[in-house]
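What the coordinates show
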Amino acid sequence: MMQGVPEHFHEKFQSLLKTHCQGLAEGDTFSFEHPQIRWDNNRLLWVKVFGKLATVGGRKQIHDQVIDITEQHNR
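Keep in mind it's a predicted model, so treat the numbers as computed, not measured.

Let's shift gears to the overall build of the chain. A tally of helices and strands in the chain yields two helices and three strands. Element order for the chain, N to C, with α for helix and β for strand: α-β-β-β-α. By the burial criterion, 28% of the 75 residues in the chain qualify as buried. Of the contacts made within the chain by residues no fewer than 6 positions apart, 37% connect residues no fewer than 24 positions apart. Within the structure as shown, the chain displays about 5,400 Å² of accessible surface, and the carbon and sulfur contribution to it stands at 48%.

Put into structure tokens, the structure is as follows:
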């Protein structure tokens, strides 16, 4: 799913994660959907990101999963 995404996608994605995770407490969950245009075939993809905030070794970490939900948006 991630092949073909523009180089700036990862930077933009990190910014989206920070926005959606602001104010979360330990163990809180988050979820958001995001459209993305693939550069290799110019198709629109929709991804869903969900996960939770955890503290490991005194550092806050985001544990997330990204899934392709394009099919759901074409219905």
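Read on, since the account is not over.
Paired through their backbone hydrogen bonds, the strands of a sheet run either parallel or antiparallel. Here three strands make up an open sheet; going across it, the order is β1-β2-β3 and the pairing antiparallel. Taken across any chain shown, the strands that pair with only one partner, and hence form the sheet edges, are β1 (29-37) and β3 (59-68). Taking each pair of neighbouring strands and ignoring which way they run, the sheet shows an average axis angle of 30 degrees.

A separate point is helix α1 (residues 9-21). Counted at 1.5 Å a residue, the expected span for α1 with its 13 residues is 18 Å, and the 18 Å between its end C-alpha atoms agrees. Taken as a whole, α1 has its buried residues at F9, F13, L17 and C21. Taken end-on, α1 shows its buried residues confined to a sector of 90 degrees, consistent with a single buried face. With respect to the buried face of α1, the exposed residues turned more than 90 degrees away are E11 and K18. Elements that come into contact with the buried residues of α1 comprise β1, β2 (44-56) and β3. After α1 finishes, the residue G23 shows a positive phi value of roughly 85 degrees.

Another point: the side chain of T70. By the element assignment, T70 lies in helix α2 (residues 70-74). There is a polar contact of 2.9 Å between the side chain of T70 and the backbone nitrogen of W46. Those residues in contact with T70 that lie beyond four places of it in its chain are R43, L44, L45 and W46.

This brings us to the pairing of β1. Side chains of β1 alternate between two faces, with F30, F32, H34 and Q36 buried and T29, S31, E33, P35 and I37 left unburied. Taken together, β1 and the strand that follows it, β2, pair antiparallel across an intervening segment of six residues, in which N42 is found at a positive phi of about 60 degrees.

Rules and cut-offs
- Residues numbered from 1 in each chain as written.
- Predicted model: local features only at pLDDT ≥ 70, side-chain atom pairs only at ≥ 80, totals over all residues.
- Heavy atoms only, no water.
- Helix = DSSP H or I, 4+ residues; strand = E, 2+ residues; numbered from the N terminus.
- Buried < 20%, exposed > 50% of the residue type's maximum accessible area, 1.4 Å probe, protein only.
- Contact = heavy atoms within 4.5 Å.
- Areas by Shrake-Rupley, 256 points an atom, 1.4 Å probe, with all protein chains shown as cover.
- Pairing = 2+ DSSP bridges.
- Axes fitted to C-alpha atoms, helices over the stretch in contact; angles between N-to-C directions.
- Expected span 1.5 Å × (residues − 1).
- Arc of directions from axis to C-beta.
- Polar contact = N/O pair within 3.5 Å; in protein donor to acceptor, adjacent residues only side chain to side chain.

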